[in-house]
Structures are given as structure tokens and as C-alpha cells.
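Reading the structure
Take a look at the letters that make up each chain.
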Amino acid sequence: MEVNEHVNFNLQLFAEERTEPATPRKRRKVREEGQVAKSMDLITSVAVLMGVILLFFLGTFVFMTLKEFFAWEFSHLSDESNFRGQWIWRASVRGVTVYIKTWLPIACLSALAVLAVSFAQVGFLITSKPLVPKWNRLNPVSGLKKVLSLRSLVELAKGLLKAAALAGVLYIGLKGSLETLLLTMQMPLLNGLQALLKTIFDLSIKMAVSLFIIALFDYVYQKWEFERSIRMSIQELKEEFKQLEGDPQLKRRIRQKQRELARRRMMAEVKKADVVITNPTRVAVALQYDNKLMDAPIVIAKGLGIIAGRIKEEAQKHDIPLVQRPPLAWALYNNVEMGEKIPKELYKAVAEILVFVYGLKQKKIANI
């Protein structure tokens, strides 16, 4: 026994799936709204790494400056002026000066590095739209969806990975430096302090580099996730195409209105014609000639079929002569656009007609 099963698919569901890359217009729109591919972990890791590197190069300067500051502080503890409050003022001013000399360059250079990384990721972008409150964020259902989303799981995995990486680097570093750290207790104070600081720096640079490498992978993920989030469905592509190119039905109506307006303007020009040349039923071409203003006659109206009939009716209404010259009518219709002068090869034929028309007008005037 054969069983025929028919499964009906709603093809519209496929049209709603976001499978197509975002168009340039969509990318500009989401960028204006502040949605860009950016890894905050990369920015943080660069700030940490830059700070550690700067401390390595400026560490001696920072250490000596702080050493001089504390030596000065302790040397003035027994000064009588301390009891009059002058020492507190001098200590505060000196402390601010030391801070500016030591930590401000590190902070400024780290900030420049952060700005450079941010610019490399998103370019120049200033927008206030992300600051606009969105009340749908207060929806508990939407919040629960975010908690259970793929992005939340990735962020959790990323946090665990960072913690594991830092713990591993710290464990390996301390294990390798344990002997050195024990020896520092037997060294002179300054030598032991230098050895301790070197060990701390080695661990810090390794941890900062580990964070930077993890942040690079995070940036790749952020780029992928951003491209996935802005993908468009086929229906969205169609809607955007309609917005850019215009609705075909609307464009068709606009063209129809434009043709109607053009015909009305053309019919209004027929009353200025000196003669209308016909074939006699299919074609009508209205000519105007003013020997004071024109080098040659110009076509001010032309048409086929119904339009030709309306031109002839308009001409008869204003008492404009109709002359039947089929070959000439077709030649003018096919070769001359409205507002253009007739070609030289038609001068003689048109001139004969104009002479005939002007003769008729003179007879009418004479009869009057």
C-alpha cells in the first residue's frame, strides 16, 4: 500500500530568515544608532599592557621620585612648622607635583593607546542615540532572553577563560620565581626590593600579554556576532530596494501624471502654431515659425492616434490650418522632437506649406 504524504511549507518563513549580509544603507543606519563591532576587552587589555610597559621604562624614574618625596616628608616630621599647619600645605603641593611628574605621563600615554585602539575598531563616531533610554529594557521577558542568550553564554565562557588563563600564568610564574622570592628575604633592602619588583613586572607583562591575546579572539568574535546581528531577510532587502528605487506602482503613476501634464502643456502650445501637418488620420505635427525670432520652424506639438486627433481638434478650435502631407508628417514625427528645429532637408517642403498657409491668411484678411 502506497501512502502519499504532502507536506506544506510556508515559503514566507524562509523570506523572514535573516540570511543575507547587511547592505551599505543598513550598515550606515546601525552605525548612526551607535551599533558597531567593538571589543571592550581589547581596549582594557591594551590599557593594561601599555601601563605595564610604561612602568618598565619609567619605573626607575618613578621609584627615585617617590623615594625623594618620602625622604623629604620624613625629614620634616620634627619641624616646628608642622604644628602651625604649614607642613600639611607644603606636603600637599609637593605630593600633587610628584603625581603629575610620575603618574600623569603614564595615564596620558595609556589613554592615547586606548583612543588609538578604539579608533582602529570603529573609526570616528559621535552619536547620542545609545544614551536615549529604551523602556523595553525594563521588560523582564526581554531581560530573561538576554540572560539565556548565546551572547551571555559566550561572555560567561570568556570570563572563565580569562580567569583560568590568568591563574595559570600566575601559577607558572610564581612556581618559577619561588626560589628568587625566598632569596629576597636574605638580600639587602634595596636589592631585595629590586628583585621583587622585577618578579612582579615579569608576572604582570605575562598576564597582560595573555589578556591581550584573549582580547584579540574576543574582537574576532565581536565582529562575527555583529555581522550576524545585522543580517537581513530577503523581505527586508526587497523593502529597502523599494525605498531606494521607489515603489514600481507609484513610479508608474508618477510617469502617467507626468505624461498627462506634458500632453496638457503640449495642447496649450497648439494655439501658437502656424500650421498642423497630418497624414491625415494617424499623425499630426504642429509647426511654429517667426522669421524675426527663429532661424527655422520648430515642432511645438506632435502625436499619434488619439493624441493626433486632439491636436487637430485644438487646431480647428483656434482656426489653425490643417495640411495633409503624409510623408512629411511621418518624417517630422520620427526625426524631430518637440521644441527642436526642423532639419535642413525638410526646409523646402515646409517652406512651400508655410507660403501656402500665409497666402490663405492674407486672402482671409483681404476678404474681411
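Read on for a plain summary of the structure. Every value quoted in this text rests on a predicted model; they were computed, and no experiment measured them.

Structurally, L304 can be placed in strand β5 (residues 298-304). Separated by 26 residues in the primary sequence, L304 and W330 place their C-alpha atoms 10.0 Å from one another.

Here we take up helix α10 (residues 306-317). Its 12 residues place the ends of α10 16 Å apart at the C-alpha level, agreeing with the 16 Å of an ideal helix rising 1.5 Å per residue. The set of residues buried in α10 consists of I307, A308, I311, K312, E314 and A315. Buried residues in α10, looked at end-on, bunch into an arc of 160°, giving them a common side. What points out from α10, more than 90 degrees from its buried face, is the exposed set I306, E313, Q316 and K317. At the exit of α10 stands D319, carrying a positive phi of roughly 60°.

What follows concerns the packing of aromatic side chains. Scanning the entire structure with this criterion turns up 4 aromatic pairs. Seen in terms of ring centroids, F56 and F57 are 5.2 Å apart; in terms of plane orientation they differ by 80°. Their pairing is edge-to-face. On the basis of relative accessibility, which here comes to 60%, the residue F57 falls in the exposed class. Relative to F201, the ring of F56 lies with its centre 4.7 Å away and its plane at 25°, an arrangement referred to as stacked. Placement of the pair is F56 in helix α3 (residues 40-75) and F201 in helix α7 (residues 189-229), with a sequence separation of 145 residues. Judged by its relative accessible area of 21%, F201 is partly exposed. Cluster of aromatic residues (ring-pair linked, three or more members): F56, F57 and F201. Taking NZ or CZ as reference, K302 lies 4.9 Å from the ring centre of Y333, over its face.

Quick look at the sheet that holds strand β6 (residues 322-324) now. On the basis of which strands lie adjacent, the open sheet formed by 4 strands has the order β5-β4-β3-β6 and mixed pairing. Among the strands making up the open sheet, the edge pair consists of β5 and β6. With strand direction ignored, the average angle separating the axes of adjacent strands in the sheet is 25°. The pairing of strand β3 (residues 275-278) with strand β4 (residues 283-288) spans 4 bridges and is antiparallel. Within β4, the position partnered with I277 by the bridge is V285. Relative to β4, helix α11 (residues 326-335) is tilted by about 75°, and along the sheet it contacts β3, β4, β5 and β6.

In this section: a nonpolar patch on the surface. Taken together, the side chains of L55, V96, Y99, I100, W103 and L104 present a nonpolar region at the surface, about 520 Å² in accessible area. Locating V96 in the fold gives a position in helix α4 (residues 86-122). A relative accessible area of 49% means that V96 is categorised as partly exposed.

Now for the pairing of β4. Counting buried positions over the 6 residues of β4 gives 6, a clear majority of the element. On β4, burial covers both faces: V283, V285 and L287 on one face and A284, A286 and Q288 on the other are all buried. The turn linking β3 back onto β4 is made up of 4 residues. Strand direction decides the pairing type here: β4 and β5, joined by 6 bridges, are antiparallel. Among the inter-strand pairings, L287 is bridged to a residue of β5, identified as V299.

On the surface, a cluster of positive charge is made up of K251, R252, R253, R255 and R259. Structurally, K251 is set in helix α9 (residues 248-270).

A separate point is the side chain of T102. Mapped onto the fold, T102 is located in helix α4. Overall, the relative accessible area of 1% leaves T102 in the buried class. In terms of polar contacts, T102 uses its side chain to reach the backbone carbonyl oxygen of V98, at 2.7 Å. Contact partners of T102, with chain neighbours within four places excluded, come to F61, V62 and T65.

A word on the layout of surface pockets. Considering only enclosed or pocket space, the second largest pocket measures out at about 570 Å³ in volume. In this structure, the second largest pocket is lined by 17 residues; those nearest its centre are L55, G59, T60, L197 and K198. Elements with a contribution of two residues or more to the lining of the second largest pocket: α3 and α7. Considering every element that reaches the lining of the second largest pocket, the biggest residue donor is α3, with 9 residues.

Conventions we followed
Residues numbered from 1 in each chain as written. Predicted model: local features only at pLDDT ≥ 70, side-chain atom pairs only at ≥ 80, totals over all residues. Heavy atoms only, no water. Helix = DSSP H or I, 4+ residues; strand = E, 2+ residues; numbered from the N terminus. Expected span 1.5 Å × (residues − 1). Buried < 20%, exposed > 50% of the residue type's maximum accessible area, 1.4 Å probe, protein only. Arc of directions from axis to C-beta. Phe/Tyr/Trp six-rings, centres within 6.5 Å; stacked < 30°, edge-to-face > 60°. Lys NZ or Arg CZ within 6 Å of the ring centre and 35° of its normal. Pairing = 2+ DSSP bridges. Axes fitted to C-alpha atoms, helices over the stretch in contact; angles between N-to-C directions. Contact = heavy atoms within 4.5 Å. Patch = residues over 30% accessible without salt bridge, like charges linked within 9 Å, V, L, I, M, F, W, Y side chains within 5 Å. Areas by Shrake-Rupley, 256 points an atom, 1.4 Å probe, with all protein chains shown as cover. Salt bridge = Lys/Arg side-chain N within 4 Å of Asp/Glu carboxyl O. Lys, Arg positive; Asp, Glu negative; His and termini not counted. Charge placed at Lys NZ, Arg CZ, Asp CG, Glu CD. Polar contact = N/O pair within 3.5 Å; in protein donor to acceptor, adjacent residues only side chain to side chain. 1 Å grid on protein atoms, 1.4 Å probe; cavity = no way out; pocket = protein on both sides within 12 Å on 5 of 7 lines; lining within 4 Å. Points joined across faces, edges and corners; volume = space filled by probe spheres on them.

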